[in-house]
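One-letter residues, chain by chain:
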Amino acid sequence: MLEVEDLTMRYGELVALESVTLDARPGEIVAVLGPSGAGKSTLLRLITGLTRPSSGSISLSGRPIQKEASWRRNIALVHESYVLYPHMSVTENMAFPLKSREAPREYSDQEITERISEVAKVLEIDLLLERQPHELSGGQRQRVALGRALVREPAVLLLDEPISHLDAKLRNWLRGELRRRLSAAPWPTLWATPDGFEALAVADRVAVLRAGQILQFDEPQEIFDRPVGVGVAEVSGTPPMNVLPGELIADPLGVKVAGAPEPLPLVRPTQIDSLPAGEVSIGVRPFALRIVRPGDAGSSTPASVLACEYSGRHTVISVRLEHETLRLLEAGQHNIPVNEPVLIAWDGAEVSIFSREASCAGALEFQTTVGSNEHRAAPSSEQPVQTG
Amino acid sequence: MIEDARPRKILRTLGLIAIVIAFVFPVYWLLSFSFKPERLFFDLPPVWTFDPIVTEWVNTFRTLKLWETIINSIIVAGGSTLLTILVGTPASYSLARLRVRGKTDIMLFIIASRMAPAVALIIPFFLIYQFLDLLDSHIGLIFAYSTFNMALYVWLLTVMTRELPADLEGVAEADGYHPFQVFLRIGLPLMRPSIIAVGVLAFIFAWNEFPFALLLGGRTTETLPVVAARSLSAGGVEWARLAVISTVMVIPVAVMVFFLHKQIVRGLSMGAVRG
């Protein structure tokens, strides 16, 4: 069990991590999801012991380790830039941690060979074992770095973007394979990635990290369905949730979106007193939006097409809505010419409302009304729509 | 492009031949002087063919006890290079790869100690050595050479060692190795080409060093440059003897560079250690 509590890292004025608290149980994969610069690598370095935290504690099975030397912690780290030992062959690289005096137990030469060949097969590097690092491609080096960690029996496994440089086929296969292996392992795994899809796919729990703070730490489905703020909404899902500025109108309940001719009426499932007032951020998932023909019933917004990206079963269509870009997912193949005017239907879409000032808290969910004309007249006193 | 290839190749070869001649000819000229009868030295046009004689070689070795001088040179240059490598390598590694307080100041101090001309240091050295009774001793010269060689060695090696892949130490520590073991098992093997390259450079500097050897050394520690310089006197220049000693001085450096040139090039470029 890995427990990180209130971990803060400051470099002078710069706060790289602020009060990060998370935990991971044996066999659990916790994804640390965040854009580059969010503090993912800093967090992993602190846990490894390569950097001392400014404050906070790290413990393994209840034993505080933040004062322990990094080489004693038995923490396996896969560095985002691989960092193979340039003067050692692939085999020697992978055997290196097993030959350490600090390894949890002694490994016989035969066992070392067996462990390496088993892991090498899984990673498809079994034919490269005698090569030197400079003879390998980027993807191969990444797999060797991964292999060097997987042969071990660490107290914690830390993966810093472990499959980001692999080709798509191998990445897809390894994601599942690693999930299978690591879920069965008697140690916890932290998996840092900037890829929301990868995080949701591989993890038991996801910690969304942004600007050094954990915005939400929850199961993948919660992260996806109930993001606590814009920061979380923007990183989960492929493509991620559309977030655009809007203004909330209390009566009749609706939200005014930039570019929409009239406010979108909302059906509210939760209590009204928790509503943020005025300017809000509106989040809507790409699959919740549709392109409709003029004259179709319901609430629609004019937009112009920016791009269509076909991906087999779906097409991701990017549209321009006044100052905002929205992405929506349509089944099948669509090839709408660029700049073609279209109408976007919001009806029936689940909409998340985030309060603007505290973008990491105060999310509410609503549903836009379906086919109702009841609330469609906008009050004339409406302020012009705010953007930005 | 294909038609171009032949003439271009010929031109390139001719160019290379010219460069080789420009560099090798002086060495040949020096060597030929040591085997030439003295009367032919300054003939114009130069005499290219002659019966080589070894009289001067035999004489120089016998009358000047050149073997002793060679051994002195080897002890002093080799000893100071060894000392420099032993002390300078861990220093460079630490300055390049570890968190050392005041790193920049130390580096500046190191380079500054190299800025003063040797002459400016000789008098203090002489007085200190007189006090410590280190004049005319091998160990004294070894220490003196190590001071100026250390600066060069540490400065160059530190800059080169910085070029090793970042985070090697972090990853090796996570793999369960104490920083000292990381130095031995990761740092040292990767620094080897640079150590050899800079070590050869330090050896050459020590081997050719003159003012310290002249003033701090003495009868029992005479090195080759000192003896060579004695061929130039008010009474004239003993060309043949100078040629013999100079040839002797060139040989070890040439041999060393010949056998280590691959390592030297690798060390100076650090190209082969990217991981």
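These numbers come from a predicted model, not from an experiment.

Basis of the calculations
- Residues numbered from 1 in each chain as written.
- Chains lettered and ligands numbered in written order.
- Predicted model: local features only at pLDDT ≥ 70, side-chain atom pairs only at ≥ 80, totals over all residues.
- Pairing = 2+ DSSP bridges.
- Helix = DSSP H or I, 4+ residues; strand = E, 2+ residues; numbered from the N terminus.
- Core = buried A, V, L, I, M, F, W, Y, C linked by C-beta atoms within 7 Å.
- Buried ≥ 20, exposed ≤ 12 C-beta atoms within 10 Å, placed from the backbone.
- Contact = placed C-beta atoms within 7 Å.
- Nonpolar A, V, L, I, M, F, W, Y, C, P; charged D, E, K, R; others polar.
- Axes fitted to C-alpha atoms, helices over the stretch in contact; angles between N-to-C directions.
- Parallel < 35°, antiparallel > 145°, perpendicular 65-115°, else oblique.
- Left-handed = near helix turned anticlockwise from the far one by under 90°.
- Domains from an automatic or database assignment.
- pLDDT = per-residue confidence, 0-100.

## Some remarks on the pairing of strand S2 (residues 14-24) of chain A
Residue and element names in this part refer to chain A. Note that strand S1 (residues 2-11) and S2 share seven bridges and pair antiparallel. Each residue of the ladder has a partner; that of Met9, found in S2, is Leu17. Count of turn residues in the S1/S2 antiparallel hairpin: two residues, of which Gly12 carries a positive phi of about 60°.

## What to know about the nonpolar core
Among the nonpolar cores identified, the biggest contains 156 residues, and Ala31, Val32, Leu158, Leu190 and Val208 of chain A are the most heavily contacted of them. Broken down by element, this core gets its largest block of residues, 12 residues, from helix H8 (residues 179-208) of chain B.

## With respect to helix H1 (residues 40-48) of chain A
Residues and elements named next belong to chain A. Among the nine residues in H1, nine count as buried, and that is most of the element. All of the buried residues in H1 are Lys40, Ser41, Thr42, Leu43, Leu44, Arg45, Leu46, Ile47 and Thr48. Looking one or two residues beyond H1, the residue adopting positive phi is Gly49, at roughly 100°.

## Considering the interface of chain B and chain A
Contact with chain B, which involves 17 residues of that partner, is made by 22 residues of chain A. Among the elements of the structure, helix H7 (168-174) and H8 of chain B are those that each provide at least two residues to the side of chain B that touches chain A. Among the elements that line the side of chain B that touches chain A, the one with the most residues is H7 of chain B, at five residues. Broken down by class, the residue content of the side of chain B that touches chain A amounts to nine nonpolar, four polar and four charged.

## A word on the packing of helix H6 (residues 138-162) of chain B against H8 of chain B
All names here are of chain B. Two elements in contact, H6 and H8, have axes whose closest approach is 10 Å; the angle formed by their N-to-C orientations is 155°. Regarding the angle of H6 to H8, the classification is roughly antiparallel. For H6 against H8, the interelement crossing comes out right-handed. Note on element contacts: H8 touches H6 through Met191, Ser194, Ile195, Val198, Ala202, Phe205 and Ala206, opposite Tyr145, Asn149, Leu152, Tyr153, Leu156, Leu157, Met160 and Thr161. Taken together, the residues of the contact of H6 with H8 sort by class into 12 nonpolar, three polar and no charged.

## Quick notes on the sheet that holds S1 of chain A
Residues and elements named next belong to chain A. An order of S2-S1-S4-S5 is seen for the four strands of this open sheet, with the pairing classed as antiparallel. The open sheet has two free edges, formed respectively by S2 and strand S5 (63-64), since each of these has just one partner strand. One ladder, built from five bridges, connects S1 with strand S4 (residues 55-60); its direction is antiparallel. By the bridge assignment, Val4 is partnered in S4 with Ile58.

## Notes on the sheet that holds strand S17 (residues 314-321) of chain A
Residue and element names in this part refer to chain A. In space, the five strands of this open sheet follow the order S15-S19-S16-S17-S18, with antiparallel pairing throughout. Each having just a single partner strand, strand S15 (290-292) and strand S18 (324-331) make up the two edges of the open sheet. Each neighbouring strand pair of the sheet contributes to a mean axis angle of 50°, computed without reference to strand direction. Two elements, strand S16 (residues 300-310) and S17, share six bridges in a ladder whose sense is antiparallel. Within S17, the residue paired with Ala307 across the bridge is Ser318.

## A closer look at the domain arrangement of chain B
Residues and elements named next belong to chain B. Its domain assignment divides chain B into domain 1 (1-53) and domain 2 (55-273). When each unit is reduced to the centre of its C-alpha atoms, the spacing between domain 1 and domain 2 is 32 Å. The interface of domain 1 with domain 2 comprises eight residues on the first partner and 10 residues on the second. Across the side of domain 1 that touches domain 2, the residue classes break down as six nonpolar, one polar and one charged.

## Comments concerning the domain arrangement of chain A
As far as domains go, chain A holds domain 1 (2-231) and domain 2 (242-368). One C-alpha centre belongs to domain 1 of chain A, the other to domain 2 of chain A; they are set 37 Å apart.

## Remarks on the environment of Asn72 of chain B
Residues and elements named next belong to chain B. Tracing the backbone through its elements, the reader meets Asn72 in helix H3 (residues 66-97). Classification of Asn72 as buried rests on a count of 21 C-beta atoms within 10 Å. Once the C-alpha coordinates of Asn72 and Leu242 are considered, the two residues, 170 residues apart in sequence, prove to be 18 Å apart. Other than its neighbours up to four places away in sequence, Asn72 contacts Thr221, Glu222 and Thr223.

## Some details on the confidence of the model for chain A
Residues and elements named next belong to chain A. On average, residues of chain A score 85 in pLDDT, and 87% of them are at 70 or above. For chain A, per-element mean pLDDT is lowest for strand S21 (residues 363-368), which scores 64, and highest for helix H2 (residues 90-95), which scores 97. Contacts from residues 371-388, a stretch scored under 50 in pLDDT, to residues over four places away or in other chains number 24 contacts.

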